Amino acid sequence: MRKYIFVTGGVVSSLGKGITAASLGCILKNRGLSVTIQKLDPYINYDPSAMSPFQHGEVFVTSDGAETDLDLGHYERFIDEDLSCANNYTAGKIYWSVIQKERKGAYCGGTVQVIPHITNEIKERIIEVGDQKNAAVVICEIGGTVGDIESLPFLEAIRQMKTDVGRNNVFYIHVTMLPFLPATGELKTKPTQHSVKELRSIGIQPDVIVCRSSHGLTEDVKEKIALFCDTEPEEVILNRNVDSIYEVPILLEQEGLDEIVVKKLQLEAGPKSLDAWKNATGHAEVLRDEITIALVGRYVSLKDAYRSAAEALCHGGLYHRCKVNLKWINDADLAAEPDAVNETLQDANGVLIPGGYREAEDAIEGKIAAIRWARENGIPFLGISVGMYSTLVEWAANVLEAPISVNDCENGSDALIVRLPEAGPGKKVARLGALPCLLKKDSMAARIYGRVDISERHRHNYTFNNKHREDFMRSGLVFSGVSPGKEQEVYIVELPEHPWFMATLFHPEYRSRPLKPHPLFREFAGAALKHKNK
């Protein structure tokens, strides 16, 4: 019988429910169990694709082209599994599905209500992902905070699951915060008590309470929480603040979370086996060196906007037993003060320009300034998506001496960057999900990948105008990766005369894992380390 683990959050948002869910998935998978993880988000948006990174952080893209919550990136990285559109649903998608069914007469003229119609739709999605992935364990994270109005249908649905599939096949984890008051020198348990009380009023009794804290958790505090929340003291788990999220599975295993889950759900799990994870992710004492990477983007004030890129850099550094220090630089600042570019970037061992979102022209100008600095000073450089567009514009302006704005995009024109052709009247086209790419033999890209045929995940609706291909090739820039077929859409550009200079239209960061860093990020980190130590 398939087992279901539900992760809810209380007290405040952004407590790390996603990392808790991903960490538990990591532990269980390393104990020989097949695991998948799902995120259910209560917001009404159909998906996060049109949400500002300042609001929601990055949009993570799965291989099948689903634009999803950024927590799916954590899930993939921690359990080393490709997820799909079935692993992320918003309230908007749930309600849209129910409304479509009602329009088609599926409910035979009956009144459509939150219970049972919305809750049934939610439960169907939970069952569906387990069936699709053929997983022994489905871990389902409920977004938002207990007490929010919008999350009530999701909480009611997971409450009903214990009746539908049996209480012995359902496990509830509640993640809360224990604030520390410096004035009295104590952890306060009252917010956790009230959060659990709210959850129990809905009909959900947590099997485990995971407490986020910057301090340790004494037995007295555990016993107090257990007494007021109707759990055993050993079912109160500490998830303390750590320097690296990759330490969380190790800490939760030490706290015995997986043992409680295995016992209560009667799972046939193997022995504890996080040795490979510990060796790959490492601790501070095994990192022999460090590098500084300048990440130049528009949304650096909210670091989750570039979460996958930041984590992929970390993976690349771990491969070389090297700590990666990220220097977050707002590209608008570089655009406003172009004379300060050298001062701003001078301590960087590498420059990364990640993907963007509705970039303003001043943001492009700042990226161009950073690219020119890296190109002219021999600094390792990696550009992604809008980072590739900016690379082409910089080359056109400063090498070909033919300035072209990246925003001058119009089909049929001589613009450098053009919108993908429409599929029909009013139907915009976007490249989403995994697409094949052919690499030029003997190129840096082919050497890094070790092959000439690859597949990478895309998220863009603009492309390079091939009318300008010959001009760029004659001037020394190499188009080392293209789409198959006669279109030969440009996916990778590189500069052979440079120590390490590459830009991609696709998003390699989506496929990077702690135990298997993406080849481009692995070699980019290595080049930055070589530059630092030369």
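Residues numbered from 1 in each chain as written. Predicted model: local features only at pLDDT ≥ 70, side-chain atom pairs only at ≥ 80, totals over all residues. Heavy atoms only, no water.

A. Spatial organisation of the overall build of the protein. Each helix and strand counted, the protein has 19 helices and 22 strands in total. For the protein, the C-alpha radius of gyration of 25 Å lies close to 24 Å, the compact-globule estimate for 534 residues. Dimensions along the principal axes, computed over C-alpha positions, put the protein at roughly 75 × 60 × 45 Å. For the protein, long-range pairs separated by at least 24 residues make up 72% of all intrachain contacts whose partners lie at least 6 apart in sequence. Approximately 22400 Å² of the protein is accessible, and the part contributed by carbon and sulfur atoms is 48%. Charged side chains in the protein number 61 positive and 72 negative. The centres of these two groups are separated by 3 Å. (Helix = DSSP H or I, 4+ residues; strand = E, 2+ residues; numbered from the N terminus. Rg over C-alpha atoms; globule rule 2.2 N^0.38 Å. Contact = heavy atoms within 4.5 Å. Areas by Shrake-Rupley, 256 points an atom, 1.4 Å probe, with all protein chains shown as cover. Lys, Arg positive; Asp, Glu negative; His and termini not counted. Charge placed at Lys NZ, Arg CZ, Asp CG, Glu CD.)

B. The pattern of salt bridges, seen in detail. What the rule picks out here adds up to 43 salt bridges. When the shortest N-O distance is used, the salt bridge between Asp82 and Arg457 registers 3.2 Å. Taken together, the positions of Asp82 in the loop between helix H3 (71-79) and strand S5 (88-90) and Arg457 in strand S18 (residues 453-460) put the pair 375 residues apart, joining distant regions of the chain. Given a relative accessible area of 43%, Asp82 falls into the partly exposed group. Here Arg457 falls in the buried class, since its relative accessible area comes to 1%. In this structure, Asp453 engages Arg451 in a salt bridge whose closest nitrogen and oxygen atoms are separated by 3.3 Å. On the basis of relative accessibility, which here comes to 46%, the residue Arg451 falls in the partly exposed class. Taken together, the shared-partner salt bridges in this structure form one network comprising Glu76, Asp80, Asp82, Arg457, Arg513 and Lys516. (Salt bridge = Lys/Arg side-chain N within 4 Å of Asp/Glu carboxyl O. Buried < 20%, exposed > 50% of the residue type's maximum accessible area, 1.4 Å probe, protein only.)

C. Spotlight on unusual backbone geometry. Omega for the peptide link from Ile115 to Pro116 comes to 15°, which places this bond in the cis form. Along the chain, Pro116 turns up in helix H5 (residues 114-133). Of note in this structure, Arg321 is not a glycine but carries a positive phi near 50°. One non-glycine residue, Asp442, lies in positive phi territory at about 70°.

D. A look at the sheet that holds strand S6 (residues 137-142). One open sheet accounts for seven strands, arranged S5-S2-S6-S1-S7-S10-S11; its pairing is parallel. Sheet topology places S5 and strand S11 (236-240) at the edges, where each strand pairs with a single neighbour. On average, adjacent strands in this sheet sit at an angle of 20° to one another, irrespective of strand direction. Strand direction decides the pairing type here: strand S2 (residues 35-41) and S6, joined by six bridges, are parallel. Among the inter-strand pairings, Ile37 is bridged to a residue of S6, identified as Ile139. Contacts from helix H1 (residues 17-30) reach strand S1 (3-9), S2, S6, strand S7 (170-177), strand S10 (208-213) and S11, with the element oriented near 170° to S6. Where H3 meets the sheet, it contacts S2, S5 and S6, and its direction lies at approximately 170° from that of S2. (Pairing = 2+ DSSP bridges. Axes fitted to C-alpha atoms, helices over the stretch in contact; angles between N-to-C directions.)

E. Quick look at the sheet that holds strand S15 (residues 381-384). Pairing is mixed across the open sheet formed by nine strands, whose spatial order is S13-S12-S14-S15-S22-S21-S20-S17-S18. In this open sheet, the two edge strands, each paired with only one partner strand, are strand S13 (322-330) and S18. Taking each pair of neighbouring strands and ignoring which way they run, the sheet shows an average axis angle of 25°. Set on the sheet, helix H19 (residues 519-533) makes contact with strand S12 (289-297), S13, strand S14 (350-353), S15 and strand S22 (501-504); between it and S12 the angle comes to about 115°.

F. Just a negative patch on the surface, in detail. On the surface, Asp333, Glu337, Asp339 and Glu343 cluster together into a patch of negative charge. You can see Glu343 is positioned in helix H14 (residues 341-345). A residue is classified by how much of its surface remains accessible, and Glu343, at 59% relative accessible area, is exposed. (Patch = residues over 30% accessible without salt bridge, like charges linked within 9 Å, V, L, I, M, F, W, Y side chains within 5 Å.)

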